[in-house]
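Each chain is listed here by its residues.
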Protein chains: 2
Amino acid sequence: MAGTNKTRAAVLGGPSVILVHPQLGENIGKAARAMLNFGLTDLRLVAPRDGWPNEKAVAAASGAAEVLDAARVYPDLASATEDLHFLYATTARDRAMAKEVLTAREAAARLRGDLAQGHKSGLMFGAERTGLTNDEIAQADMVLTIPVNPAFGSLNLAQAVVVAGYEWFMAADATPAARLDYGKSVPATRKELNGLFDHLENELDISGFLYPPDKRPSMVRNLRAIFERAALSDQEVRTLRGAIKAIAKGRPRGGGA
Amino acid sequence: MAGTNKTRAAVLGGPSVILVHPQLGENIGKAARAMLNFGLTDLRLVAPRDGWPNEKAVAAASGAAEVLDAARVYPDLASATEDLHFLYATTARDRAMAKEVLTAREAAARLRGDLAQGHKSGLMFGAERTGLTNDEIAQADMVLTIPVNPAFGSLNLAQAVVVAGYEWFMAADATPAARLDYGKSVPATRKELNGLFDHLENELDISGFLYPPDKRPSMVRNLRAIFERAALSDQEVRTLRGAIKAIAKGRPRGGGA
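Parameters at a glance
Residues numbered from 1 in each chain as written. Chains lettered and ligands numbered in written order. Predicted model: local features only at pLDDT ≥ 70, side-chain atom pairs only at ≥ 80, totals over all residues. Heavy atoms only, no water. Helix = DSSP H or I, 4+ residues; strand = E, 2+ residues; numbered from the N terminus. Buried < 20%, exposed > 50% of the residue type's maximum accessible area, 1.4 Å probe, protein only. Areas by Shrake-Rupley, 256 points an atom, 1.4 Å probe, with all protein chains shown as cover. Contact = heavy atoms within 4.5 Å. Buried area = accessible area lost by both parts, 1.4 Å probe. Salt bridge = Lys/Arg side-chain N within 4 Å of Asp/Glu carboxyl O. Polar contact = N/O pair within 3.5 Å; in protein donor to acceptor, adjacent residues only side chain to side chain. Phe/Tyr/Trp six-rings, centres within 6.5 Å; stacked < 30°, edge-to-face > 60°. Pairing = 2+ DSSP bridges. Right-handed = clockwise from strand over helix to strand, strands pointing away. Core = buried A, V, L, I, M, F, W, Y, C linked by side-chain atoms within 4.5 Å.

Remarks on the overall build of chain A
Alright, step 1. Each helix and strand counted, chain A has 11 helices and seven strands in total.
Alright, step 2. The 257 residues of chain A split such that 57% are buried.
Alright, step 3. Accessible surface for chain A amounts to roughly 10,500 Å². Of this, 54% is attributable to carbon and sulfur atoms.

See below:
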């Protein structure tokens, strides 16, 4: 079975599906089943509430056990996504965040383009009741929304995976959407981006810019949104870190606000 | 609620959804929920196994009770569909029948065409375990199939309704392609952007980062490209300038490379 799984994943090579703080094992199983219907096999779980493995997930997966068997569990979103180049946050409605918003269909074309260029992407889904938090969305490059009846938008987790997966599958024959030409560089990984954010925020903490403390989270989110949107290359991350280091250089350490 | 329902149905006017011999109330409720997400409100039940009304259906409908309340029950497929002009049979895979076979997307375009011409259409789904019988499919004008992974095709009833309903909804969606939502901000003017670039490059000149001189033009170009690509708002330009100022603060002026 492991061999089959490996072969299938290698042939299909679709985006990873990242479930952030999923609650019920049953929903994880249904999401796995939905994934395999549309050729998606890389499932990642961020701190599943009821632990892992989960028997209810197996019961609900209806034959998609190979997806569950290969699923990986992570303590937090950053570690679950650090090898990915692009992260898509699936949300039910607009969250007034400064992110590019794509329909599931538009996102599918992008995801095909990512794959064609050898870049790794992930589709992120939030917890059943609450969806993704603003902080989680802030870690994504783009927002994927599923168009629904404005008077009744209430898809459950597995149904949202169905639509996103279905569009991914349907986009197989479409010409990849135009994407940024990275030249000799490659898109920065999440790890590289997080390194840049840590560096920048550390300097801004030292300088007293991220003050007062209750405003810090939204200030950080807004700053990150700018660089997320820019879809930085690895080289650009290095350039920005060099620039931050240069500007901070010579400043007396410990000189606060 | 009945008034709301009538208004909504009149406005939306989508195809009827016909569940033939559905077994579990839970699945009927989930199908109703899936329908309403995509603006479908006319649910017809052919001889539901566990009778009607069904409390488990209500519990699973998650707020789509208005679809269940308006649902009609029929003893057989013929009576459930006699007012319809076109009947689409949803099947998991080809059944070697002499029917036109359409993908869900192709069928959605047809259904929109039916509506535009004032014709009534229905989407028919079979029982959970067995799907539609050949006799039932024979009563349809066309077959609707949902493209899935050939190695694992296993959508459940409600998920099949999700995909068919989603395609129906998308076929009408004339929403312009996604654009960045600037919220309360506005896109930065060229003047604001140039002010940011001057500010950043001045600090980097002071720090000796833009060195040697023959490399300066390409380094500046690469840095500007990052911020151009981010499509900054006016507020974001102010935030970035504040961050640059904060990091540079306290650095001895004139301290070069």
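Overview of the side chain of Asn27 of chain B
All names here are of chain B.
Alright, step 1. Relative to the helices and strands, Asn27 resides in helix 2 (residues 25-37).
Alright, step 2. Residue classification places Asn27 among the buried residues on the basis of a relative accessible area of 15%.
Alright, step 3. Look past the residues within four positions of Asn27 in its chain and what remains in contact with it is Glu128 and Leu157.

Notes on the interface of chain A and chain B
Alright, step 1. On the side of chain B, 65 residues touch chain A, which itself brings 70 residues to the contact.
Alright, step 2. Buried area between chain A and chain B, summed over both chains or domains, comes out near 5,400 Å², and the portion from carbon and sulfur atoms is 62%.
Alright, step 3. Of all residues in chain A, Asn37, Phe152 and Ile247 of chain A bury the most surface against chain B, accounting for 13% of the area lost on that side.
Alright, step 4. Where chain A packs against chain B, one counts three salt bridges.
Alright, step 5. Linking chain A with chain B are 19 residue pairs in polar contact (both at pLDDT 80 or more), by the criterion used here.
Alright, step 6. Looking at the side of chain A that touches chain B, the elements with two or more residues in it are helix 2 (25-37), strand 5 (100-103), helix 6 (104-116), helix 8 (157-170), helix 9 (190-207), helix 10 (216-229) and helix 11 (234-248) of chain A.

Points about the packing of aromatic side chains
Alright, step 1. On inspection of all chains with the given rule, the structure shows six aromatic pairs over all chains.
Alright, step 2. Ring geometry for Phe38 of chain A against Tyr166 of chain A: centres 5.8 Å apart, planes inclined by 75°, an arrangement best described as edge-to-face. Here Tyr166 of chain A lies in helix 8 and Phe38 of chain A lies in the loop between helix 2 and strand 2 (43-46), a separation of 128 residues in the sequence.
Alright, step 3. On the accessibility criterion, Phe38 of chain A (0% relative accessible area) is buried.
Alright, step 4. Looking at Tyr166 of chain A, the relative accessible area reads 0%, which means it is buried.
Alright, step 5. Here the aromatic rings of Phe227 of chain A and Phe227 of chain B are separated by 5.9 Å at their centres, their planes lie at 70°, and the arrangement is edge-to-face.

Topic: the pairing of strand 1 (residues 16-20) of chain B
Residues and elements named next belong to chain B.
Alright, step 1. A large share of strand 1 lies buried, amounting to five of its five residues.
Alright, step 2. Neither face of strand 1 is open: one carries Ser16, Ile18 and Val20, the other Val17 and Leu19, and all of them are buried.
Alright, step 3. Sheet topology places strand 1 next to strand 6 (residues 121-125); four bridges connect them, and they run parallel. Counted as the bridge partner of Val17 is Leu123 from strand 6.
Alright, step 4. In the sheet, strand 1 pairs with strand 2 (residues 43-46) via four bridges, with the strands oriented parallel. Considered in strand 2, the bridge of Ile18 is made with Arg44.
Alright, step 5. Assessed by its sense of winding, the connection that carries the chain from strand 1 through helix 2 to strand 2 is right-handed.

Some remarks on the nonpolar core
Alright, step 1. Counting residues in hydrophobic clusters, the biggest one holds 81 residues, and the most contacted among them are Leu19, Leu43 and Phe125 of chain A together with Leu19, Leu43 and Phe125 of chain B.
Alright, step 2. Top element by residues in this core is helix 8 (residues 157-170) of chain B. It accounts for 10 residues.
Alright, step 3. Beyond its immediate chain neighbours, meaning those up to four positions away, Phe125 of chain A contacts Val17, Ile18, Leu19, Val20, Thr90, Leu132, Leu157, Ala160, Val161 and Ala164 of chain A.

Here's the deal with the side chain of His199 of chain B
Residue and element names in this part refer to chain B.
Alright, step 1. Assignment of secondary structure puts His199 in helix 9 (residues 190-207).
Alright, step 2. Residue class for His199 comes out buried when judged on its relative accessible area of 15%.
Alright, step 3. At a separation of 3.0 Å, a polar atom in the side chain of His199 contacts the side chain of Arg241.
Alright, step 4. Beyond its immediate sequence surroundings of up to four residues, His199 is in contact with Arg241, Ile244 and Lys245.

Any functional reading would require information that these geometric values do not contain.
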